[in-house]
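Secondary and tertiary structure notes
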Amino acid sequence: MSQSPSRVKNFLRFGSLCLALGSASPLLTACGDSEPQSFAPLDYNYLSKMHLNVAHIEIVDTAPPGSAPGDISGKAPTTPQQALEQMARDRLIASGTEGGGTFTITKASILHAPGGTLLGELEAHIDLSAPSGGRAGYALAHITRSLNPGDKDPESRAVLYDLTSQMMQDMNVELEFQIKKSLHDWLVDASGAPLQGAIQQQDIGPNAALSAPSVSSANAPKATVQPVSAPAATGNAALSAAPVAPVAKPQGPDAIFPLGDDDTPAAPAVKSPQPGVLSLPTGHS
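Residues numbered from 1 in each chain as written. Predicted model: local features only at pLDDT ≥ 70, side-chain atom pairs only at ≥ 80, totals over all residues. Heavy atoms only, no water.

1. A word on the overall build of the chain
Scanning the chain from terminus to terminus reveals three helices and six strands. For the chain, the N- to C-terminal ordering of α and β elements is α-β-β-α-β-β-β-β-α. Residues classed as buried in the chain amount to 28% of the 285 residues present. If you take every contact in the chain between residues at least 6 apart in sequence, the share linking residues at least 24 apart comes to 69%. (Helix = DSSP H or I, 4+ residues; strand = E, 2+ residues; numbered from the N terminus. Buried < 20%, exposed > 50% of the residue type's maximum accessible area, 1.4 Å probe, protein only. Contact = heavy atoms within 4.5 Å.)

Written out as structure tokens, the structure reads:
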């Protein structure tokens, strides 16, 4: 009987330990399978701005989450569609006084492919219009990216956030490249002054008249003159070439130039001696 109180104490201690471990097990499980519960908003103010020579820029979304079959982008903390809108607000700046621009989102989806791979796709285009309403410029940016999360849940918020961030990195690079390639003439500085070689505005609508390109003399191709050979004579018209005989000089004095040409020295004139100059030889009478 003396040992029963100690056994009771040991049992109570063991029970308290089990209760403590049982209450702590959810915390340990949560630590092992934890994922971020909050995610930093995606913004692109740290990237360079692209100032366009238009008075305003409108954002149009034609691809909300779920618009594509099997799209799960709506489960992401920041959907690709929201990230594209933020990119346009942060980087596309209207710095002109006339005309307008439209940034249109046409694709923004994430699909869960067989095997756990995620397939992301983004597409958007920019249309610039002149004050008259005709299209003045166009640029299209399109990217795709895939992600295999391994042993993680492909549709978890953390995995979808990572994929959206990677897709937007690709899209920022592609959009800037396409704008500089297709809309270079519409880029201005922060004050709205056109960059070197940029045009002010030009309507390229279907009925707009296009000015002829100017060619500088430095870059103009040099004209090459091809020698033209005379057509060969045929039939009786063909004459054989004969050597030209030299013109014989007249033996007598020329009636016009009796003293010869100017270049030919004149022969000395022979005159009779004056009277009284001739004398007979000595010894003759």
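2. Quick notes on the pairing of strand β4 (residues 100–112)
Strand direction decides the pairing type here: strand β2 (residues 56–61) and β4, joined by six bridges, are parallel. Paired with His-56 across the two strands is Gly-100, which belongs to β4. (Pairing = 2+ DSSP bridges.)

3. Notes on the nonpolar core
When a protein is soluble and globular, its nonpolar side chains tend to lie buried together. Membership of the largest hydrophobic core comes to 42 residues, with the highest contact counts inside it found for Phe-103 and Ile-179. Breaking this core down by element, the ones donating at least two residues are β1 (50–52), α2 (80–91), β4, β5 (118–129), β6 (135–147) and α3 (157–182). In terms of residue count, the dominant contributor to this core is α3 (ten residues). Apart from the residues within four sequence positions on either side, Phe-103 is in contact with Glu-58, Ile-59, Val-60, Leu-84, Met-87, Ala-88, Leu-92, Ala-124, His-125, Ile-126 and Leu-175. (Core = buried A, V, L, I, M, F, W, Y, C linked by side-chain atoms within 4.5 Å.)

4. Here we look at the environment of Leu-42
Locating Leu-42 in the fold gives a position in the loop between α1 (4–32) and β1. Once the C-alpha coordinates of Leu-42 and Thr-79 are considered, the two residues, 37 residues apart in sequence, prove to be 9.8 Å apart.

5. Looking at the sheet that holds β5
The strand order across the open sheet formed by four strands is β2-β4-β5-β6, and the pairing between neighbours is mixed. Of all strands in the sheet, those bounded by a partner on one side alone are β2 and β6. Neighbour-to-neighbour, the strand axes of the sheet open up by a mean angle of 15 degrees, direction not taken into account. Packed onto the sheet, α2 meets β2, β4 and β5 and runs at close to 150 degrees relative to β4. This element, α3, spans β4, β5 and β6 of the sheet and lies at about 150 degrees to β6. (Axes fitted to C-alpha atoms, helices over the stretch in contact; angles between N-to-C directions.)

6. Some details on the side chain of Thr-164
Mapping Thr-164 onto the fold places it in helix α3. Here Thr-164 is in contact with Leu-42, Ala-76, Thr-78, Thr-79, Pro-80, Ala-83 and Ile-110, once residues within four sequence places are set aside.

7. Description of the pattern of salt bridges
A complete count under the given rule lists seven salt bridges for this structure. The closest approach of N and O atoms between Arg-91 and Glu-176, which form a salt bridge, is 2.8 Å. On the criterion of sequence distance, the pair formed by Arg-91 in helix α2 and Glu-176 in helix α3 is long-range, its members being 85 residues apart. According to the relative accessible area criterion, Arg-91 is buried, its value standing at 1%. With a closest N to O distance of 3.4 Å, Lys-107 and Glu-121 form a salt bridge. Residue Lys-107 is located in strand β4, and its partner Glu-121 is located in strand β5; the two are separated by 14 residues in the primary sequence. Of the residues examined, Lys-107 reaches a relative accessible area of 34% and is grouped as partly exposed. Classification of Glu-121 as partly exposed rests on a relative accessible area of 23%. Taken together, the shared-partner salt bridges connect Arg-91, Glu-176 and Lys-180 into one network. (Salt bridge = Lys/Arg side-chain N within 4 Å of Asp/Glu carboxyl O.)

8. Topic: α2
Under the 1.5 Å per step criterion, the end-to-end length of α2 is 16 Å for twelve residues, consistent within 8% with the ideal 16 Å. Along α2, the residues classified as buried are Pro-80, Gln-81, Ala-83, Leu-84, Glu-85, Met-87, Ala-88, Asp-90 and Arg-91. Tucked into the core, α2 has its buried residues touching β1, β2, β3 (92–94), β4, β5 and α3. (Expected span 1.5 Å × (residues − 1).)

9. Digging into the packing of aromatic side chains
Each aromatic ring pair is described using two quantities: the centre-to-centre distance and the angle formed by the ring planes. Counted according to the given criterion, the structure contains one aromatic pair. Centre to centre, the rings of Phe-39 and Tyr-161 are 5.0 Å apart; their planes meet at 40 degrees, and the pair counts as tilted. Taken together, the positions of Phe-39 in the loop between α1 and β1 and Tyr-161 in helix α3 put the pair 122 residues apart, joining distant regions of the chain. A relative accessible area of 14% places Tyr-161 in the buried class. (Phe/Tyr/Trp six-rings, centres within 6.5 Å; stacked < 30°, edge-to-face > 60°.)

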